[in-house]
Amino acid sequence: MSLPSQTLRIVVPDLPGERLDKALAAGAPDGLGLSRTRLQRLIEEGAVRAADTGAPLRDPKLRVAGGEAVDVALPPPAPTLAEAEDIPVAVAYEDEDLIVIDKPAGLVVHPAPGAEAGTLVNALLHHCGASLSGVGGRIRPGIVHRIDKDTSGLLVAAKNDAAHQGLAAQFAAHTLERRYLAVTWGAPDPADPRLAGLPGIAWEPGGVLRLDTRVGRNPADRKRMAVLAEGGKHAVTRARVLERFGPPGAPQAALVECRLETGRTHQIRVHLSYAGHPLVGDAVYARRRSSSDPVLAGFPRQALHAASLGFRHPRTGADMRFEADPPADLAELLTHLRRNGGPGAFKVS
């Protein structure tokens, strides 16, 4: 059955006995702003239906079994509140349906309290004009997913509602490729007994660290995210060490490739911190580290870069894949760490 362009299909996560509103909030793509409160309202308005029968599901407290397909009819987008601003953007690809941007570190993706202007949304409104999709909401038109202000790299935005829905469906189904490069304090090691005792951590072939947890707001600090024993959203990250910097057996830093199965807020930063190897430069999730290397200790942002992005074109079905080299600051940090000799430099083990 074909779906209207304003209908999003969500497969309920495996949360037997969970309330419908909470289960849908856990299964919805983060980029669409479908909070539990908004979903409660949509349920009560009759905008949520069982995909197999079309029957409306009007009770937010309805208990689900997990695995059900549910269609959510999204209301027509309201006019955007953001204004166009002539901010240069690095375009990796663009057509009539979507645009792929290589975002610099320091650029906020969409307006928010404290950053009402000067965002990527303002730049896209100037670059794309009125063609941006409005499904993302009045302050984030076109935005299907986001990366943190101080993370650099690739993200895709939709220019029309059909493209937005098609991309959002791929995010919900976890079929996109998202590969990040991170510089961490120390290096995850299968021989580390602390990692062996942490819930949600396993090692896969090829030295891949799999982190499979629930991530949500930190109960003690709502501005931070945390790994939770219950609640939050299911989050899966796979991390593989590409290079180690420092003495064998005790590296001070590492270049780590992270692949996302899900895309939760601060997911990589929270997961690597949980594993005991937070990002270099992360002022939120890494405790201050002492280091004889002033370049490493003084890196001014979280050392994280969205290096690869792959998806199926929502209109043509063509496989699309893009890569972006690390920006100058991260490239210079890696060059410094790879350099053999010199003050504070570390050898690759």
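In every chain, residue numbers begin from 1 and rise along the written sequence. Restriction of local features to residues with pLDDT of at least 70 applies here, the model being predicted, together with a cutoff of 80 or more for giving and counting side-chain atom pairs; totals for whole chains, interfaces and linings are based on all residues. Excluded from the side-chain calculations are hydrogens and water; all other atoms, namely the structure's heavy atoms, are used.

1. Some details on the overall build of the protein chain
Okay, so step 1: Looking only at helices and strands, the protein chain features eight helices and 14 strands.
Okay, so step 2: When we talk radius of gyration, it's over C-alpha atoms, and the globule rule is simply 2.2 Å times the number of residues to the 0.38. Its C-alpha atoms give the protein chain a radius of gyration of 21 Å, near enough to 20 Å, the size a compact globule of 349 residues would have.
Okay, so step 3: If you line up the protein chain on its principal axes, its C-alpha atoms span 65 × 50 × 40 Å.
Okay, so step 4: Any residue under 20% of the maximum accessible area for its type is buried, any over 50% is exposed, and the rest in between are partly exposed; the area is computed with a 1.4 Å probe on protein chains only. When burial is assessed residue by residue, the protein chain has 48% of its 349 residues classed as buried.
Okay, so step 5: Taking the intrachain contacts of the protein chain between residues at least 6 apart in sequence as the baseline, contacts between residues at least 24 apart amount to 64%.
Okay, so step 6: Here the protein chain has roughly 15900 Å² of accessible surface; of this, 52% comes from carbon and sulfur atoms.
Okay, so step 7: All tallies of charge rest on Lys and Arg as positive and Asp and Glu as negative; His and the ends of each chain are not included. All charge positions are set by atom: Lys at NZ, Arg at CZ, Asp at CG, Glu at CD. The distance from the centre of the 42 positive side-chain charges to the centre of the 39 negative ones in the protein chain is 5 Å. Secondary structure elements are defined from DSSP: runs of H or I of at least 4 residues count as helices, runs of E of at least 2 residues count as strands, and each element is numbered from the N terminus. Contact definition: two residues touch when any of their heavy atoms are within 4.5 Å. The protein chains shown are the only cover counted for residues, whose accessible areas, like all others here, come from Shrake-Rupley with a 1.4 Å probe.

2. Thoughts on the side chain of K159
Okay, so step 1: Considering the arrangement of structural elements, one finds K159 in the loop between β6 (152–158) and α4 (161–173).
Okay, so step 2: Polar side-chain contacts of K159 include one of 2.7 Å to the side chain of E94.
Okay, so step 3: Non-local contacts of K159, meaning those with residues more than four positions away in its chain, are made with E94, D95, E96, D97, L98, I99, C128, S131, L132 and S133. Two N or O atoms count as a polar contact when they lie within 3.5 Å, although within protein this holds only if one can serve as hydrogen donor and the other as acceptor, and sequence-adjacent residues are included solely when both atoms are side-chain atoms.

3. Overview of the packing of aromatic side chains
Okay, so step 1: Between the rings of Phe, Tyr and Trp (Trp by its six-membered ring), a pair exists once the centres lie within 6.5 Å; its type follows the angle of the planes, with under 30 degrees stacked, over 60 edge-to-face, and the other angles tilted. Counted according to the given criterion, the structure contains two aromatic pairs.
Okay, so step 2: Measuring from ring centre to ring centre gives 5.5 Å for Y93 and F322, while their planes differ by 40°; the resulting arrangement is tilted. Of this pair, Y93 sits in strand β4 (residues 91–94) while F322 is found in strand β14 (residues 319–323), placing the two residues 229 residues apart along the sequence.
Okay, so step 3: Ring geometry for F311 and F322: centres 6.0 Å apart, planes at 35°, overall tilted. Taken together, the residues span a long stretch of sequence, with F311 in strand β13 (residues 304–312) and F322 in strand β14 at a distance of 11 residues.
Okay, so step 4: Residue F311 is classed as buried on the basis of its relative accessible area, which comes to 4%.
Okay, so step 5: You can call F322 buried: its relative accessible area is 12%.
Okay, so step 6: Ring pairs connect the aromatic residues Y93, F311 and F322, which therefore count as one cluster.

4. Points about helix α2 (residues 36–44)
Okay, so step 1: Restricting attention to buried positions, one finds in α2 the residues L39, L42 and I43. Considered in projection along α2, the buried side chains sweep an arc of 100° and stay on one side of the axis. For α2, the exposed residues set more than 90 degrees away from the buried face come down to T37 and E44.
Okay, so step 2: Contact partners of the buried residues in α2: α1 (20–27), β2 (48–50) and β3 (69–73).
Okay, so step 3: Looking one or two residues past α2, G46 carries a phi angle of roughly 80°, positive in sign. The arc refers to the directions leading from the helix axis to the C-beta atoms.

5. Details of the packing of α1 against α2
Okay, so step 1: For the pair α1 and α2, interaxial distance at closest approach is 9 Å and the crossing angle is 125°. Comparing the axis directions of α1 and α2 gives the class oblique. For the element pair α1 and α2, the recorded crossing hand is right-handed. Residues L20, D21, K22, L24 and A25 of α1 pack against R36, L39, Q40 and I43 of α2.
Okay, so step 2: Asp, Glu, Lys and Arg are counted as charged, while Ala, Val, Leu, Ile, Met, Phe, Trp, Tyr, Cys and Pro are counted as nonpolar; the rest, among them Gly, fall into the polar class. Counted by class, the contact of α1 with α2 contains five nonpolar, one polar and three charged residues. Only the stretch in contact is used when a helix axis is fitted, and all axes are lines through C-alpha atoms; the angle between N-to-C directions ranges over 0 to 180 degrees. Relative orientations are named as follows: roughly parallel for angles under 35 degrees, roughly antiparallel for angles over 145 degrees, roughly perpendicular for angles from 65 to 115 degrees, and oblique for any other angle. Note on convention: near helix rotated counterclockwise from far helix by under a right angle means a left-handed crossing. Clockwise means right-handed.

6. A word on the pairing of strand β11 (residues 233–245)
Okay, so step 1: When DSSP finds two or more bridges between a pair of strands, those strands are recorded as paired. Here strand β9 (residues 208–218) runs beside β11; their pairing, made up of eight bridges, is antiparallel. Residue pairing in the sheet places L211 in a bridge with T237 of β11.
Okay, so step 2: Summarising the sheet, β11 and strand β12 (residues 253–260) pair through eight bridges and their orientation is antiparallel. Residue pairing in the sheet places T237 in a bridge with L260 of β12.

7. Some thoughts on the pattern of salt bridges
Okay, so step 1: Throughout this description, the term salt bridge denotes a Lys or Arg side-chain nitrogen within 4 Å of a carboxyl oxygen of Asp or Glu. Inspection of the entire model under this criterion finds 21 salt bridges.
Okay, so step 2: In this structure, the salt-bridge partner of R315 is D97, at a minimum N-O distance of 2.5 Å. Of this pair, R315 sits in the loop between β13 and β14 while D97 sits in the loop between β4 and β5 (98–103); the two residues are 218 residues apart in sequence, bridging distant segments of the chain.
Okay, so step 3: Assessed through its relative accessible area of 6%, D97 is described here as buried.
Okay, so step 4: E323 is the partner of R321 in a salt bridge, and the nearest nitrogen-oxygen pair spans 2.3 Å.

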